Amino acid sequence: MTAPARRKLFVTNALPYANGPLHLGHLVGYIQADVWVRFQRMQGHEVTYVCADDAHGTPIMLAAEKAGVAPETFIAGIKTGHEQDFAAFHIAFDHYHSTHSEENRVLSERIYAALEKGGYIATREIEQAYDPVKGMFLPDRYIKGICPNCGTPDQYGDNCENCSATYSARELKEPFSVLSGVAPEWRPSEHYFFTLSKLQAAVESWLARAEVHSSVKAKLNEWIEAGLKDWDISRDAPYFGFEIPGKPGKYFYVWLDAPIGYFASLLAHLGGDQAGLEAIIGADSTAEMWHFIGKDIVNFHGLFWPAMLRGSGLRKPTGISVNGYLTVDGAKMSKSRGTFIKARTYLDVGLNPEYLRYYFAAKLGPGVVDIDLNLEDFVARVNSDLVGKYVNIASRCAGFITKLFGGRLADSMGTFAPPSDWQTQGWTNNYEEREFGAVIRDAMMLADRENERLQRVAPWKLANDDSPEARTKLHQICTAALDTFRVISILLKPILPNTVAEAEKFLNCAPLTWACINQPLLGHTINDYQPLLTRVDRPTVQKMVEASKEDLAPSAKSAPSSNSAPAKGGEAKTATAADAPRLPPHPPSPSTTSPRSNCASPASKTRNPWKAPTSC
Ligand SMILES: [Zn+2]
């Protein structure tokens, strides 16, 4: 096969919010991106893969206050936990940074200055709810009251959970601040707006060319056709974030500096090399830029971000890959059922992280589809596919090579050789298009075929015949089977990096790459076989579920601490409503100037990945 032209890719993952640990739902998008990055590297492409903690905003400011520590201390602890979990699941970022970093401050100021210079920043006075006791402006999710539509008490300031009505916080009856309990005052404040409307045509033409799934494009186009309105990008003190230069008491809204965090992480990875940074983010960049995100933040990445980049004279994304949500056993992750599973809990019960990578990959495609972790199916699939099919090939044949042939593979596979070269184009395309489920189906088809052939030829019977003909046949069939095992290993390497590294030790070969698929290890000496994977048992999975139920106990009865305030999903938040602003069941509207819209609300930073939105 001919080597593909070497591509230069800059790949990012959505930044986890720094207010709690990762859970299995988070891992869907990280595993998806990491698999794709590993595949691109196996193709010989140059990839820079970065991420960072998203560390700003009102929820973090309040969580740190509640924990009795400075926000900087609070986010540092969370970041350490995130990095440990990513490493354990083999999510191998080249660099992991924080949006609360000097690099990000400098880049945010630079982009803001460019937008201002280009005439894309406007100033407007708005009226916003203010908590006179707490001394701060309130995002809508921090205001509750009686639904103006149906009269249900205790509803958030933007929509009713009972009747689904959406409204302005000002329309709530008997409104109160969830922070202090007092009625909010309405006070004027000067805010800064990014005039997205001026860049609508640019966003539209970028989207027409961008590599974005058709369903996401359709949703984005719907928003564009409705007309992009200007975006409120400032927040008043007190706020944990970057102060806008020359505007005392005004801060960049967390969503302004969050995607810039991709560039900050890249700059940190490059050790501050500005020329290296410009080669990737500059308008003339020839590198590809790919963002892997969840469907809850499509508007930020598909509308605001390309507009910000265009308005500040930088390159725009090449593609955006959007994953859906995770359900467990067919339902929203639930703490009471023990299906709200933290990444750490999965690891602590001793489950192999690669089993989850495999299971998610088997269910992942390019579309924005929610995937279900069915725990029964998880056990069955791992045992059947990985243990029963894939490693079974090696364990069935390795012993004969070791005992009867001194560990040396045959010089020829004879009649057992594949009729022609492995046809890799389909596999390559599937990986490229993020059709990982199809990759796994192909890998398991190869494994099934090889296991059936072994069953037919029965090397364990051949071994009883010590005639030269039988010995040659045995040598060849085992060599051919191990070659199939090698090819499947190549195919699965982006998904199972650790297991395949062990397989490489067994095969005693150089790191497997795509280019070596059609280079069988003939006349080659292998090492003794050690079991590569063990079966997963149902009790271990049950233990994880039980441990996840226990996780609930401390936070249900006490005030949240930095440990108990979990991930950015609102459902995950603990104890008090103040600490648990939740997203409305509607996608954040990208086309509003009003601070009552969810996307303009700081509380929306606690976006909830579990709440099915009405649309993309
Ligand atoms: Zn209502």
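If you're wondering where the values come from, they're calculated on a predicted model, not measured in any experiment.

### Some points on the pairing of strand S9 (residues 185-194)
Reasoning step 1: Note that strand S4 (residues 121-131) and S9 share ten bridges and pair antiparallel. Within S9, the position partnered with Ala129 by the bridge is Trp186.

### Re the pairing of strand S14 (residues 288-294)
Reasoning step 1: Most of S14 sits inside the fold, with seven of its seven residues counted as buried.
Reasoning step 2: Burial of S14 is two-sided: the residues Glu288, Trp290, Phe292 and Gly294 facing one way and the residues Met289, His291 and Ile293 facing the other way are all buried.
Reasoning step 3: Pairing of strand S1 (residues 8-13) with S14 involves five bridges; the strand directions are parallel. Paired with Phe10 across the strands is Met289, a residue of S14.

### Focus on the sheet that holds S1
Reasoning step 1: In spatial order, the strands read S3-S2-S1-S14-S15-S10; together these six strands make up an open sheet with parallel pairing. Only two strands of the sheet have a single neighbouring strand rather than two, namely strand S3 (95-98) and strand S10 (211-212).
Reasoning step 2: Relative to strand S15 (residues 319-323), S14 runs parallel, the two sharing five bridges. Residue Phe292 lies in a different strand from S15, and its bridge partner there is Ser321.
Reasoning step 3: Of the strands in this sheet, S1, strand S2 (46-53), S14 and S15 are in contact with helix H1 (residues 24-42), which crosses S2 at around 160°.

### So, the state of the cysteines
Reasoning step 1: Inspection of the entire model under this criterion finds zero disulfides.
Reasoning step 2: For Cys478, which is in no disulfide, the shortest distance to another cysteine sulfur is to Cys397 and amounts to 4.3 Å.
Reasoning step 3: With relative accessibility at 0%, the residue Cys478 sits in the buried group.
Reasoning step 4: With no disulfide of its own, Cys509 lies 7.0 Å from the sulfur of Cys516, the closest cysteine sulfur.
Reasoning step 5: The class for Cys509 is buried, based on a relative accessible area of 18%.

### Quick word on unusual backbone geometry
Reasoning step 1: In the segment running from Ala237 into Pro238, the intervening peptide bond is cis, with an omega of 0°.
Reasoning step 2: Counting through the fold element by element, Pro238 comes out in the loop between strand S12 (234-236) and strand S13 (250-252).
Reasoning step 3: Positioned with a positive phi, Asn508 is a non-glycine residue whose angle comes to about 55°.
Reasoning step 4: Among the secondary structure elements, Asn508 is positioned in the loop between helix H18 (497-507) and helix H19 (538-557).
Reasoning step 5: Under the relative-accessibility criterion, Asn508 is labelled partly exposed at 39%.

### Topic: the coordination of the zinc ion
Reasoning step 1: Looking at the zinc ion, one finds its protein donor set to be Cys147 (SG), Cys150 (SG), Cys160 (SG) and Cys163 (SG), positioned 2.3 Å from the metal centre.
Reasoning step 2: Relative to the metal, the four donor atoms surrounding the zinc ion lie at angles of 106 to 113°, and the coordination shape comes out tetrahedral.
Reasoning step 3: Mapped onto the polypeptide sequence, the residues donating to the zinc ion form the spacing pattern C-x2-C-x9-C-x2-C. Here Cys163 lies in the loop between strand S7 (155-156) and strand S8 (173-177) and Cys150 lies in the loop between strand S6 (143-146) and S7, a separation of 13 residues in the sequence.
Reasoning step 4: Taking relative accessible area as the criterion, Cys150 reaches 34% and is therefore assigned partly exposed.
Reasoning step 5: When its relative accessible area of 28% is taken as the criterion, Cys163 is described as partly exposed.

### Regarding H18
Reasoning step 1: Taken residue by residue, H18 has Pro497, Thr499, Val500, Ala503, Glu504, Phe506 and Leu507 as its buried positions.
Reasoning step 2: In this structure, the buried residues of H18 make contact with H1, helix H12 (353-363), helix H13 (375-405) and helix H17 (468-492).
Reasoning step 3: Of the residues flanking the end of H18, it is Asn508, one or two places downstream, whose phi is positive at about 55°.

### A look at the environment of Asp385
Reasoning step 1: Within the secondary structure, Asp385 is located in helix H13.
Reasoning step 2: Each C-alpha atom of the pair Asp385 and Ala447 lies 8.6 Å from the other, and the pair is 62 residues apart in sequence.
Reasoning step 3: If we skip the residues at most four places from it in the chain, Asp385 touches Tyr358, Tyr390 and Met444.

### What to know about the side chain of Arg396
Reasoning step 1: Positionally, Arg396 belongs in helix H13.
Reasoning step 2: Within the buried core, Arg396 has no salt-bridge partner, and the shortest N-O distance to an opposite charge, that of Glu450, equals 8.2 Å.
Reasoning step 3: Within the local environment of Arg396, its side chain forms a polar contact with the side chain of Gln455, the two groups lying 2.4 Å apart.
Reasoning step 4: Those residues within four positions of Arg396 in sequence are excluded, and the remaining contacts are Asn451, Leu454, Gln455 and Trp460.

Cut-offs and rules
- Residues numbered from 1 in each chain as written.
- Predicted model: local features only at pLDDT ≥ 70, side-chain atom pairs only at ≥ 80, totals over all residues.
- Heavy atoms only, no water.
- Pairing = 2+ DSSP bridges.
- Helix = DSSP H or I, 4+ residues; strand = E, 2+ residues; numbered from the N terminus.
- Buried < 20%, exposed > 50% of the residue type's maximum accessible area, 1.4 Å probe, protein only.
- Contact = heavy atoms within 4.5 Å.
- Axes fitted to C-alpha atoms, helices over the stretch in contact; angles between N-to-C directions.
- Disulfide = S-S within 2.5 Å.
- Donors = N, O, S within 2.8 Å, 3.2 Å for Na, K, Ca; no water.
- Tetrahedral: all angles 85-135°; square planar, octahedral: opposite > 155°, others 65-115°.
- Lys, Arg positive; Asp, Glu negative; His and termini not counted.
- Salt bridge = Lys/Arg side-chain N within 4 Å of Asp/Glu carboxyl O.
- Polar contact = N/O pair within 3.5 Å; in protein donor to acceptor, adjacent residues only side chain to side chain.

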